[in-house]
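Structural characterization, general
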Amino acid sequence: MPPVFRFAPSPNGYLHLGHAYSALLNHDLARAHGGRFLLRIEDIDATRCRPEFETAIYEDLAWLGIAWEEPARRQSEHLDVYRDALARLGRDGLVYPAFESRAGIARLVAERDRAAPWPRDPDGAPLYPGTARTLAPGLRAGLMASGQPYAWRLDMAAACARISALEWTELGAGPGGESGAVTARPQAWGDVIVARKETPTSYHLAVTVDDALQGVTHVVRGADLFWSTSVHRLLQALLALPAPLYRHHALVLGDDGRKLAKSGRSTVLRELRAQGVTPAGIRRRLGLAG
Ligand code: GLU
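Residues numbered from 1 in each chain as written. Predicted model: local features only at pLDDT ≥ 70, side-chain atom pairs only at ≥ 80, totals over all residues. Heavy atoms only, no water.

We now examine the pattern of salt bridges. Summed over the entire model, instances satisfying the criterion amount to 19 salt bridges. The partner of D28 in a salt bridge is R283, with the nearest N and O atoms 2.8 Å apart. Highlighted residues: D28 in helix α1 (residues 17-32) and R283 in helix α10 (residues 279-286), separated in sequence by 255 residues. We classify D28 as partly exposed; its relative accessible area is 23%. Residue R283 is classed as buried on the basis of its relative accessible area, which comes to 14%. (Salt bridge = Lys/Arg side-chain N within 4 Å of Asp/Glu carboxyl O. Helix = DSSP H or I, 4+ residues; strand = E, 2+ residues; numbered from the N terminus. Buried < 20%, exposed > 50% of the residue type's maximum accessible area, 1.4 Å probe, protein only.)

What follows is the structure, given as structure tokens:
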């Protein structure tokens, strides 16, 4: 079976040099290994994703000389698949509805922070305090029936209790140089959201389900997602899905040494194209063979 690679951008802004690096690397690896290259549009966030950004993704990738298998998978067209995965987690008693707003969670964290520093996840965000996990069943049912919006969160302790130690194979490197067999630490993320208030999925759930459904064998993506792999491994184990190999690559940084933004004029692909930069010039700048 040929290896399967994918590039999975979110259409919430224009692609920049960091995306170009990830897309070209996946594409080049697929080609070098006689593999397949898939494109997946991660458009579950209806508030931030826009059709013009999706069109721009197709244009920019074609300009870079990248060909993908048609049709690209658009996550917004597969919400039923994620709903089924969520239902399975629900049947296993591993998710619960959480009703707080962002501001409400910030308040709960601030209260706890006063006693002692409240734990942060690997991205630096405070862990969800778990308040909705222990709601009395009657109160929970009443809130659900009242029409108040809620997200679904994974009961991390219950989920981890079902699974023995998890690892993944890292062909690249993590932020601390981790590579080879890496121990997954999903607990570090607390009770993550598996379905947002407005959609039956979240990034973590959709990416895990899709990588399996699409038969992806190699997940090649930026090192900023390295520790998210812990959650993906856990969801794979809970949903009985196969684990791909992972390769996290260093991020392309701006001249100021910071992560690139989708609006940074000097690094956005269409701006560079308008300035006369060629696809070969982009490859040279990224240190990729022509
Ligand atoms: N859609 C994610 C992003 O644009 C990438 C997901 C992944 O490669 O796993 O950051």
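There is more to say, and it comes next.
Our focus in this paragraph is the pairing of strand β2 (residues 36-41). For β2, the tally of buried residues reaches 5 of 6 residues, placing the bulk of the element in the interior. Where strand β1 (residues 4-7) meets β2, 4 bridges bridge the pair, whose relative direction is parallel. Counted as the bridge partner of F5 is F37 from β2. Bridging between β2 and strand β3 (residues 73-74) involves 2 bridges; their strand directions are parallel. Residue pairing across strands places I41 opposite R74, the latter belonging to β3. The β-α-β motif built from β2, the intervening helix α2 (residues 51-64) and the parallel element β3 has right-handed crossover chirality. (Pairing = 2+ DSSP bridges. Right-handed = clockwise from strand over helix to strand, strands pointing away.)

Between E70 and P71 the backbone carries a cis peptide bond, its omega angle lying at -5 degrees. Locating P71 in the fold gives a position in the loop between α2 and β3. Phi is positive for A240, which is not a glycine, with a value near 55 degrees. Its place among the elements puts A240 in the loop between α8 (228-238) and β10 (245-249).

What follows is about the site of the ligand. In the vicinity of the ligand, the contacting residues are R6, A8, P9, S10, E42, Y203, V207, R221 and L225. Note that a nitrogen atom of the ligand is positioned 2.6 Å from one of the side-chain N or O atoms of E42. In the complex, 78% of the free accessible area of the ligand, which totals 300 Å², lies under the protein chains. Counted by class, the shell around the ligand contains 5 nonpolar, 1 polar and 3 charged residues. (Near = heavy atom within 4 Å. Polar contact = N/O pair within 3.5 Å; in protein donor to acceptor, adjacent residues only side chain to side chain. Areas by Shrake-Rupley, 256 points an atom, 1.4 Å probe, with all protein chains shown as cover. Nonpolar A, V, L, I, M, F, W, Y, C, P; charged D, E, K, R; others polar.)

For the rest of this paragraph, the subject is the environment of R48. Examined against the element boundaries, R48 turns out to sit in the loop between β2 and α2. In this structure, the C-alpha to C-alpha distance between R48 and S10, residues 38 residues apart in sequence, is 9.1 Å. Beyond its immediate stretch of four places on either side in the chain, R48 contacts P11 and N12. (Contact = heavy atoms within 4.5 Å.)

Here we take up the packing of α1 against α10. Between α1 and α10, the least distance of the axes is 10 Å, while the angle of their chain directions is 95 degrees. Classed by the angle they form, the pair α1 and α10 counts as roughly perpendicular. Residues L17, A20, Y21, L24 and D28 of α1 form the contact with α10, whose participating residues are I282, R283, R285 and L286. (Axes fitted to C-alpha atoms, helices over the stretch in contact; angles between N-to-C directions. Parallel < 35°, antiparallel > 145°, perpendicular 65-115°, else oblique.)

The end-to-end C-alpha distance of helix α3 (residues 79-91), which contains 13 residues, comes to 18 Å, matching closely the 18 Å that a straight helix rising 1.5 Å per residue would cover. Inspection of α3 places Y82, A85, L86 and L89 among the buried residues, and these make up the whole buried set. For α3, the arc enclosing every buried residue in end-on projection is 100 degrees, short of the 170-degree limit, so these residues lie on one face. Projecting away from the buried face of α3 at angles above 90 degrees are the exposed residues D80, D84 and R91. Of the surrounding elements, those touching the buried residues of α3 are β3, β4 (95-98), β5 (151-154), β8 (193-195), α7 (203-213) and α8. Two residues or fewer past α3, G93 is found with a positive phi of approximately 70 degrees. (Expected span 1.5 Å × (residues − 1). Arc of directions from axis to C-beta.)

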